[in-house]
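Structural characterization, general
Next come the chains, spelled out residue by residue.
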Amino acid sequence: AEGMVKRVRRRLAVALGVVALALAMLAPRLARADDAAERAKLEEAKELLRRGVSLDAAEDYEGALALYLRSRALVPSGSNTINAARCLSKLGRYDEALELAEDAASRYASTLDDVNRARIGPMMAELRKRVGSLVVTSDVDASLLVDGRARGKVPLPSPLRLLAGRHVVRIVR
């Protein structure tokens, strides 16, 4: 029991550190917000991020992911994107995790804090080992479905990331 308490305390300390860094990244946006609706949206995004970190520390990755994605829908940031990618990875959804990690690395490169900047590269390298790519070319515009899930329009601008294994690929025009 004592070991479990120490483990929970360590996770909580890490979680609080992540929250502090995330809040520091969102603070400049909050200061620039010039209307009440925008400030309310930023505050809600911060609260969702805080709650997500708590669930993350408790290893409730599904719950944390849902909150990170809601935070990201309100106010996209490097922190909520990387945290969502990490949860997806913990859930074995490596293809989706890689897409978000790459988005975070390209879109938020200049605003990532040192902690996230240090972990994004190794995270992407590990995720790339766990996924394959599907290249689809076409001379007509059509919808691409993989395993019954819409994955975009062909021709695709870049290879599609997939988990290893068999897949059902359909092109619908």
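The preceding data block contains the structure.
Residues numbered from 1 in each chain as written. Predicted model: local features only at pLDDT ≥ 70, side-chain atom pairs only at ≥ 80, totals over all residues. Heavy atoms only, no water.

Observations regarding the nonpolar core
- Counting residues in each nonpolar core, the largest one holds 24 residues, and the members touching the most others are Tyr68, Ile82, Cys87, Ala101, Ile120, Met123 and Leu127.
- Broken down by secondary-structure element, the contributors of at least two residues to this core are helix H2 (36-57), helix H3 (61-74), helix H4 (78-90), helix H5 (94-107) and helix H6 (114-129).
- Per-element tally for this core: the top contributor is H5, with 6 residues.
- Beyond its immediate sequence surroundings of up to four residues, Ile82 is in contact with Ala104, Leu112, Asn116, Arg119, Ile120 and Met123.
- One finds Leu134, Ala142, Val146 and Leu162 within the second-largest nonpolar core, a separate group that totals 9 residues. (Core = buried A, V, L, I, M, F, W, Y, C linked by side-chain atoms within 4.5 Å. Buried < 20%, exposed > 50% of the residue type's maximum accessible area, 1.4 Å probe, protein only. Helix = DSSP H or I, 4+ residues; strand = E, 2+ residues; numbered from the N terminus. Contact = heavy atoms within 4.5 Å.)

Quick notes on the sheet that holds strand S5 (residues 169-172)
- Taken in spatial order, the 3 strands of this open sheet run S3-S2-S5, and their pairing is antiparallel. Here the strands that pair on one side only, and so sit at the sheet edges, are strand S3 (149-154) and S5. For this sheet, the mean inter-axis angle between neighbouring strands, taken without regard to orientation, is 25°.
- Where strand S2 (residues 142-146) meets S5, 4 bridges bridge the pair, whose relative direction is antiparallel. Of the residues in S5, the one forming a bridge with Leu144 is Ile171. (Pairing = 2+ DSSP bridges. Axes fitted to C-alpha atoms, helices over the stretch in contact; angles between N-to-C directions.)

Quick look at the packing of aromatic side chains
- Tallying each qualifying case throughout the model produces 0 aromatic pairs.
- Of note, Arg130 hangs over the ring of Tyr94, and the distance from its end group to the ring centre comes to 4.7 Å. (Phe/Tyr/Trp six-rings, centres within 6.5 Å; stacked < 30°, edge-to-face > 60°. Lys NZ or Arg CZ within 6 Å of the ring centre and 35° of its normal.)

Examining the packing of H2 against H3
- The interhelical angle for the contact between H2 and H3, taken along N-to-C directions, is 165°, at an axis separation of 8 Å. For the element pair H2 / H3, the angle class is roughly antiparallel. For the element pair H2 and H3, the recorded crossing hand is left-handed. Of the residues in H3, those in contact with Lys41, Glu44, Ala45, Leu48, Leu49, Arg51, Gly52, Val53, Leu55 and Asp56 of H2 are Tyr61, Gly63, Ala64, Leu67, Tyr68, Arg70, Ser71 and Leu74.
- Split into classes, the residues belonging to the contact of H2 with H3 amount to 10 nonpolar, 3 polar and 5 charged. (Parallel < 35°, antiparallel > 145°, perpendicular 65-115°, else oblique. Left-handed = near helix turned anticlockwise from the far one by under 90°. Nonpolar A, V, L, I, M, F, W, Y, C, P; charged D, E, K, R; others polar.)

With respect to unusual backbone geometry
- A cis amide bond, omega 5°, links Val154 with the succeeding residue Pro155.
- Non-glycine residue Asp147 carries a positive phi angle of around 55°.
- Mapped onto the secondary structure, Asp147 falls in the loop between S2 and S3.

So, the pattern of salt bridges
- One pass over the full model with this rule turns up 14 salt bridges.
- Put simply, Asp103 and Arg72 hold a salt bridge, and the shortest N to O gap is 2.5 Å. Placement of Asp103 in helix H5 and of Arg72 in helix H3 is noted, with a sequence separation of 31 residues between them. Of the two residues examined, Asp103 and Arg72, each falls in the buried class.
- For Glu99, the salt bridge identified is with Arg151, shortest N-O distance 3.2 Å. With Glu99 in helix H5 and Arg151 in strand S3, this pair connects stretches of sequence that are 52 residues apart.
- Classification of Glu99 as partly exposed rests on a relative accessible area of 35%.
- For Arg151, a relative accessible area of 12% translates into the label buried.
- A network of salt bridges, in which partner residues are shared, links Arg72, Asp103 and Arg107. (Salt bridge = Lys/Arg side-chain N within 4 Å of Asp/Glu carboxyl O.)

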